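Each chain, written out:
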Amino acid sequence: MQVERRETTRRAPAAAAPPPVKSAPASSLAAVQRLSIDEGSSGQRLDNFLLKVLKGVPKTHVYRIVRSGEVRVNKGRASADTRLELGDEVRVPPLRLPDKAATPAAPAREFPVLFEDEHLLAVDKPAGVAVHGGSGVSFGVIEQLRRARPQARFLELVHRLDKETSGVLLLAKKRSALTALQDQFRQRETGKTYAALVIGAWPAGKKVIDVPLHKYLDAEGERRVRAVAADADEGRRSITLVKVAAAYTGYTLLDVTIKTGRTHQIRVHLAHEGHPIVGDPKYGDFSLNKAWARGERLEGHRFARMFLHARRLRFEHPASGATIELEAALPAECRELLKHL
C-alpha cells in the first residue's frame, strides 16, 4: 500500500512525522490521506481496508465516516462492502488517531495449528480471544500471530469468529489464497458446522430456521442483530440448519450448519426459537449465565463462556483444488460440562 499524505493548505513532506512532544495530548489530528490501492490490498472490502489503515480508531467511527460520505473511492461515495481494485484512490478524512506510543503492542502468541502449508494456516481459536483488534480490543489473533511470525510477508484473516466463539479459524498466507478462499465463503461453497448447547429441549422436527436478520447499532455503538418479519425491508434472508446431537435434562447439544453468513446468525436464530445458547452474553439468559459462571447451576462446576464452537470447516484448497476438511475437538471445559449434565 502506497500512502501520500496531503493537508488542506499545503503538501506534507514525504518524511516521517516528527516525534511527539511530551506535552502534546494523547491523540493528534491526521491530515487528509489519499491512499493508492496496490496488489496487497486489491480485492479487499473498503471497511476492512480502513480498519487496517486506521488502527486504533473505533470500528463504529470508521463505519460512520463511510456512511457520511467522508471516505471517497475514486472521488465518489462508496459503501462499506465496496471491493477495492488495483489503482483505486481512497480518500480518508482527517481523524483523531491514538498516540502509537501509548498503544500497547500485541504480545506474540501461537495458537494450536490444525493445518498449515505455504498458502494457508488454520488454527483452533480459544473462546475469549478476538480475531482482530478494534472496538475496545487492543489486539486479537491476527495481531498476535503477526508478532509471533515476524518473517511472514503476508498473513490475513479469511473469515471471522465472534470473540466468545471457539474453533476453526482460517488465515491466508498469500493474497491469491485470500481472494480465492473469500470467494468460496461469499458463494457459500464452504461447509461450516458448529456445536451449540442450548437451553431447553430442542424439537427434533425443527431442522431449518429461515428467518431474516437485521443488523444495527445499539445506544452504546455495539453491533446487535435481531430477527425480523419475512416481508421486512431491512431484513436479509438467513438460513440455519439444525440437528440434535445429544439431549440432556433441560439442555440440548446441537450440530448447526449455516447456509448464510450473517453477523451473530446462529446466536440470534437459536434465541429467536426460544432456545438461547448457554453463556451467550448478548442474546442469552443472563441470570442463568451468571448462575453457571458462579458454579450455582451444578454444584462445584463452573462454566463461564459461551457454548458455541466452530468444530468443522470444509473448503477447496486455493491452489490444488483438493477438498480440505478440518475439525477442532470440543474444548475441555465444554466436554467437562456435558459430562456433568
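Coordinates for the structure precede this section.
The model shown is predicted, which means the values in this text are computed figures rather than measured ones.

Chemist: Where do I start with the overall build of the protein in this structure?
Modeler: On a plain count of helices and strands, the protein comes out with seven helices and 19 strands. Across the protein, the fraction of contacts at a sequence separation of at least 24, relative to all contacts at a separation of at least 6, is 65%. A total of about 18000 Å² of accessible surface is found on the protein, and carbon and sulfur atoms cover 50% of it.

Chemist: Just checking my understanding: could you explain the environment of Glu-222 for this structure?
Modeler: Mapping Glu-222 onto the fold places it in the loop between strand S14 (213-217) and strand S15 (223-227). The exposure class of Glu-222 is partly exposed, given its relative accessible area of 38%. The spacing of Glu-222 and Lys-59 is 163 residues in sequence and 9.6 Å in space, taken between C-alpha atoms. Those residues in contact with Glu-222 that lie beyond four places of it in its chain are Tyr-216, Leu-217 and Lys-282.

Chemist: It is not clear to me how empty space enclosed by the protein should be interpreted in this structure. Could you clarify?
Modeler: A probe matching the size of a water molecule, rolled over the atoms, marks out where space remains unfilled. Tallying each qualifying case throughout the model produces one cavity of 30 Å³ or more. In this structure, the largest cavity occupies an estimated 40 Å³ of space. Along the walls of the largest cavity sit His-159, Leu-161, Val-168, Lys-192, Tyr-194, Ala-310, Arg-312 and Leu-313, which together make up its complete lining. Of all the elements in the fold, those that place two or more residues in the lining of the largest cavity are strand S12 (191-199) and strand S18 (308-316).

Chemist: Whenever I open this one, the packing of helix H1 (residues 46-53) against helix H2 (residues 59-67) confuses me. Can you help?
Modeler: Each pair of packed helices gets described by two things: the angle between the helix axes and the distance between those axes. Taken N-terminus to C-terminus, the directions of H1 and H2 make an angle of 130 degrees; their axes are 10 Å apart at the nearest point. If you check the angle between H1 and H2, you find them oblique. Remark: the crossing between H1 and H2 carries right-handed chirality. Between H1 and H2, the contacting residues are Leu-46, Asp-47, Leu-50 and Leu-51 on the first element and Lys-59, Val-62, Tyr-63 and Val-66 on the second. In terms of residue class, the contact of H1 with H2 is made up of six nonpolar, no polar and two charged.

Chemist: How should the packing of aromatic side chains be read in this particular structure?
Modeler: Geometry of an aromatic ring pair is reported as the spacing of the ring centres plus the angle between the planes. Throughout the structure, instances matching the rule amount to two aromatic pairs. When the centroid spacing of 5.9 Å and the interplanar angle of 65 degrees are considered together, the rings of Tyr-251 and Trp-292 count as edge-to-face. Of this pair, Tyr-251 sits in strand S17 (residues 251-258) while Trp-292 sits in helix H6 (residues 286-293); the two residues are 41 residues apart in sequence, bridging distant segments of the chain. Per residue, the accessibility class of Tyr-251 equals that of Trp-292, and both read buried. Taking the centre distance of 5.8 Å and the plane angle of 35 degrees together, the rings of Phe-303 and Phe-307 count as tilted. Take Phe-303 and Phe-307: they sit in the same class, and that class is buried. In this arrangement the basic side chain of Arg-226 is found over the ring face of Tyr-216, its NZ or CZ atom lying 4.5 Å from the centre.

Chemist: Quick question: what am I supposed to make of unusual backbone geometry here?
Modeler: Only a minority of non-glycine residues have a phi that is not negative, and only a minority of peptide bonds are not trans. The phi torsion at Lys-75 lies on the positive side, around 70 degrees, for a residue other than glycine. Looking at the element boundaries, Lys-75 is found in the loop between strand S4 (72-73) and strand S5 (76-77). For His-264, which is not a glycine, the phi torsion comes out positive at approximately 55 degrees. As for its position among the elements, His-264 is in the loop between S17 and helix H5 (265-272). Residue His-264 is classed as buried on the basis of its relative accessible area of 7%.

Chemist: I would appreciate a short explanation of the side chain of Gln-265 in the present structure.
Modeler: On the secondary structure map, Gln-265 appears in helix H5. On the accessibility criterion, Gln-265 (2% relative accessible area) is buried. One polar contact links the side chain of Gln-265 to the main-chain amide nitrogen of Arg-262, over a distance of 3.1 Å.

Chemist: Help me understand the pattern of salt bridges, please; the structure alone is not making it clear to me.
Modeler: Pairing is possible between side chains of opposite charge, provided their charged atoms come close. Evaluation of the coordinates by the stated rule reveals 16 salt bridges. Its salt-bridge partner being Lys-52, residue Glu-156 comes within 2.9 Å of it at the nearest N-O pair. Here the residue Glu-156 occupies a position in strand S10 (residues 156-157), and Lys-52 occupies one in helix H1, the gap between them amounting to 104 residues. As a salt-bridge pair, Glu-110 and Arg-149 come within 3.0 Å of each other at their nearest N and O atoms.

Chemist: Got a minute to help me understand H6 in this structure?
Modeler: Looking only at H6, the buried set comprises Leu-288, Asn-289, Ala-291 and Trp-292. Looking down the long axis of H6, one finds its buried residues gathered within 160 degrees of arc, a one-sided arrangement. For H6, the exposed residues set more than 90 degrees away from the buried face come down to Ser-287 and Lys-290. Looking at the buried side of H6, the elements it contacts are S12, S17 and helix H7 (332-340). Following H6 by one or two positions, Gly-295 has its phi on the positive side, about 80 degrees.

Chemist: How do you make sense of the nonpolar core when you look at a structure like this?
Modeler: Across soluble globular proteins, nonpolar side chains show a tendency to be buried alongside one another. Within the largest apolar cluster, 43 residues are counted, with the highest numbers of intra-cluster contacts made by Leu-171, Leu-270, Ile-277 and Phe-307. If you tally residues by element for this core, the top one is S12, at six residues.

Chemist: Could you clarify how one ought to interpret the environment of Ser-36 in this entry?
Modeler: Inspection of the secondary structure assignment puts Ser-36 in strand S3 (residues 32-36). Once the C-alpha coordinates of Ser-36 and Glu-89 are considered, the two residues, 53 residues apart in sequence, prove to be 4.7 Å apart.

Here is what the cut-offs are and how they apply
- Starting from 1, residues in each chain are numbered consecutively following that chain's sequence as written.
- Since the coordinates come from a predicted model, pLDDT governs what is reported: local features require at least 70, and pairs of side-chain atoms require 80 or more to be given and counted, while whole-chain, interface and lining totals use all residues.
- Only hydrogens and water are set aside when side-chain values are computed; all heavy atoms of the structure are taken into account.
- Secondary structure elements are defined from DSSP: runs of H or I of at least 4 residues count as helices, runs of E of at least 2 residues count as strands, and each element is numbered from the N terminus.
- Contacts between residues were defined by any pair of non-hydrogen atoms, one from each residue, lying within 4.5 Å.
- With residues, only the protein chains shown are counted as cover, and all accessible areas are computed by Shrake-Rupley using a 1.4 Å probe.
- Burial classes: relative accessible area under 20% of the type maximum marks a residue as buried, over 50% as exposed, and values in between as partly exposed (1.4 Å probe, protein chains only).
- A cavity here means a set of 1 Å grid points, computed over protein atoms only, where a 1.4 Å probe fits but cannot escape. A pocket is an open set with protein on both sides within 12 Å along at least 5 of 7 lines, and lining residues have an atom within 4 Å of a point.
- Grid points are joined across faces, edges and corners, and a volume is the space filled by probe spheres set on the points.
- To obtain each axis, a line is fitted to C-alpha atoms, and for helices this fit is confined to the stretch in contact; angles are then taken between N-to-C directions over 0 to 180 degrees.
- By the definition adopted for this analysis, an angle is roughly parallel if under 35 degrees, roughly antiparallel if over 145, roughly perpendicular if from 65 to 115, and oblique otherwise.
- It is the rotation of the near helix from the far one that decides the hand of a crossing: anticlockwise by less than a right angle makes it left-handed, clockwise makes it right-handed.
- The residue classification treats Ala, Val, Leu, Ile, Met, Phe, Trp, Tyr, Cys and Pro as nonpolar and Asp, Glu, Lys and Arg as charged. All others, Gly included, are polar.
- Note on aromatic pairs: the rings of Phe, Tyr and Trp (six-membered ring only in Trp) are paired at centre separations within 6.5 Å, and the planes decide the class, stacked below 30 degrees, edge-to-face beyond 60, tilted for the rest.
- Placement of a charge over a ring requires the Lys NZ or Arg CZ to be within 6 Å of the ring centre, with the centre-to-atom vector within 35 degrees of the ring normal.
- Under this definition, polar contacts are N or O atom pairs within 3.5 Å; protein pairs additionally need one hydrogen-donor-capable and one acceptor-capable atom, and for neighbouring residues in sequence, both atoms have to be side-chain atoms.
- Each reported salt bridge corresponds to a side-chain nitrogen of Lys or Arg within 4 Å of a carboxyl oxygen of Asp or Glu.
- Throughout, the arc means the angular range of directions from the helix axis out to the C-beta atoms.
- Only buried residues count toward a nonpolar core. Its members are Ala, Val, Leu, Ile, Met, Phe, Trp, Tyr and Cys residues joined through side-chain atoms within 4.5 Å.

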